[in-house]
Amino acid sequence: MRKMTIDDKLGLNKFNVDESYSHIDVDLDYKDEAEIRKLLLACPAECYKYEDGKLLFAHAGCLECGTCRVLSHGKIVTAWRHPNGNFGVQFRHG
Ligand code: SF4
């Protein structure tokens, strides 16, 4: 049996993405690579990317686990809220 990838698992969930509002605010100008690396390694949905020395973030696949909020101690994630209304993830696996 083939091992499921992160994309396989996330593909089973259903997302109702609020394109006009990110429930997580991120300081994209943050420069401390050690702190950025924590989020890259910890986010189960790979919402954080680090390319050419630039932090990137997309809330669309967020699993609302709150890990990035706890790890960043307010330094990179400057605000974390649940998505509005019926937006966000609906878990379908596990
Ligand atoms: S709440 Fe969880 S899934 Fe969403 S961006 Fe933060 S670490 Fe990733």
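Computed from a prediction, not measured in an experiment: that's the story for all the values here.

**A look at the environment of Lys 14**
Item 1. Mapped onto the secondary structure, Lys 14 falls in strand β1 (residues 14-16).
Item 2. It is 7.0 Å that separates the C-alpha atoms of Lys 14 and Arg 92, two residues lying 78 residues apart in sequence.
Item 3. Contact partners of Lys 14, with chain neighbours within four places excluded, come to Gly 88, Val 89, Gln 90 and Arg 92.

**Things to note about the pairing of strand β3 (residues 48-51)**
Item 1. Sheet topology places β3 next to strand β4 (residues 54-57); four bridges connect them, and they run antiparallel. Across the sheet, the residue bridging to Glu 51 is Lys 54, located in β4.
Item 2. Counted between consecutive antiparallel strands, the loop separating β3 from β4 contains two residues, among which Asp 52 sits at a positive phi close to 55°.

**Considerations on the nonpolar core**
Nonpolar side chains in soluble globular proteins generally cluster together in the buried interior.
Item 1. Residues Ile 24, Tyr 48, Cys 68, Ile 76 and Val 77 are the most contacted members of the largest nonpolar core, which totals 18 residues.
Item 2. If we ignore the near neighbours within four places in the chain, the residues touching Cys 68 are Ile 24, Leu 39, Tyr 48, Val 77 and Trp 80.

Reading the values: the criteria
Residues numbered from 1 in each chain as written. Predicted model: local features only at pLDDT ≥ 70, side-chain atom pairs only at ≥ 80, totals over all residues. Heavy atoms only, no water. Helix = DSSP H or I, 4+ residues; strand = E, 2+ residues; numbered from the N terminus. Contact = heavy atoms within 4.5 Å. Pairing = 2+ DSSP bridges. Core = buried A, V, L, I, M, F, W, Y, C linked by side-chain atoms within 4.5 Å. Buried < 20%, exposed > 50% of the residue type's maximum accessible area, 1.4 Å probe, protein only.

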